[in-house]
Amino acid sequence: MGQAPDQRARQPERHRALFTRFLLLVEQHFLEHWSLEQYASRLGLSTPRLNRLARAESGRSALELVHERLTREACRRLVYIAAPVANVAEELGFADPAYFSRFFKRRIGMNPHRWRQAQLGGPDLAPAAT
């Protein structure tokens, strides 16, 4: 048998609350590079169910949301912390600065050093005219 009408009416509210709990967990643990399984387990869900919930509430996968948060933090630190990119990578939980650079470039479209220069008004990034 199906759910009672009032149960179905409360389901979107429960989904939003669960999604909010997921976002709060991401905020608390993104620097630890939790796996989706860890997030799902903490919420009492399977990983596929967590992904369905994330897609239903945001239109993006759970992993995409985690990566978005990590990318936002990387951008923030690259602009506001005057440390070498390798140090920023380590602070963000990346053991390998080269992997961080690849992750960042895949997400933003340029490597962290060039992106930082562009944000801080560094030297012109366009090829020099001859």
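The structure this text deals with has already been given above.
Report on the accompanying structure. (Residues numbered from 1 in each chain as written. Predicted model: local features only at pLDDT ≥ 70, side-chain atom pairs only at ≥ 80, totals over all residues. Heavy atoms only, no water.)

## Looking at the side chain of R77
Item 1. As for its position among the elements, R77 is in helix α4 (residues 62-80).
Item 2. Judged by relative accessible area, R77 falls into the buried class, the value being 13%.
Item 3. Setting aside anything within four residues of it in sequence, one finds R77 in contact with L31, V88, E91, L92 and R116. (Helix = DSSP H or I, 4+ residues; strand = E, 2+ residues; numbered from the N terminus. Buried < 20%, exposed > 50% of the residue type's maximum accessible area, 1.4 Å probe, protein only. Contact = heavy atoms within 4.5 Å.)

## Details of helix α7 (residues 112-119)
Item 1. For α7, the complete set of buried residues consists of P112, W115 and R116. Angularly, the buried residues of α7 cover 100° about the axis, an arc narrow enough to put them on a single face.
Item 2. Where α7 is buried, its residues contact α4, α5 (85-91) and α6 (97-108).
Item 3. Put simply, N111 is the residue that caps the front of α7, since its side-chain oxygen is 3.0 Å from the backbone nitrogen of H113.
Item 4. G121 sits one or two positions beyond α7 and adopts a positive phi of about 70°. (Arc of directions from axis to C-beta. Polar contact = N/O pair within 3.5 Å; in protein donor to acceptor, adjacent residues only side chain to side chain.)

## Description of the packing of aromatic side chains
Item 1. This structure, assessed with the given rule, holds eight aromatic pairs.
Item 2. With a centroid separation of 5.9 Å and 45° between ring planes, the pair formed by F100 and F104 is classed as tilted. With F100 and F104 both in helix α6 and four residues apart, the pair spans about one turn of that helix.
Item 3. Connected via pairs of aromatic rings, a cluster forms that spans F94, Y99, F100, F103, F104 and W115. (Phe/Tyr/Trp six-rings, centres within 6.5 Å; stacked < 30°, edge-to-face > 60°.)

## Re the packing of helix α3 (residues 47-58) against α4
Item 1. One can describe the packing of α3 onto α4 by two numbers: an axis separation of 8 Å at closest approach and a directional angle of 70°. Between α3 and α4, the crossing angle belongs to the class labelled roughly perpendicular. Where α3 abuts α4, its residues L50, N51, A54 and S58 lie against A62, L63 and L65.
Item 2. When its residues are assigned to classes, the contact of α3 with α4 shows five nonpolar, two polar and no charged. (Axes fitted to C-alpha atoms, helices over the stretch in contact; angles between N-to-C directions. Parallel < 35°, antiparallel > 145°, perpendicular 65-115°, else oblique. Nonpolar A, V, L, I, M, F, W, Y, C, P; charged D, E, K, R; others polar.)

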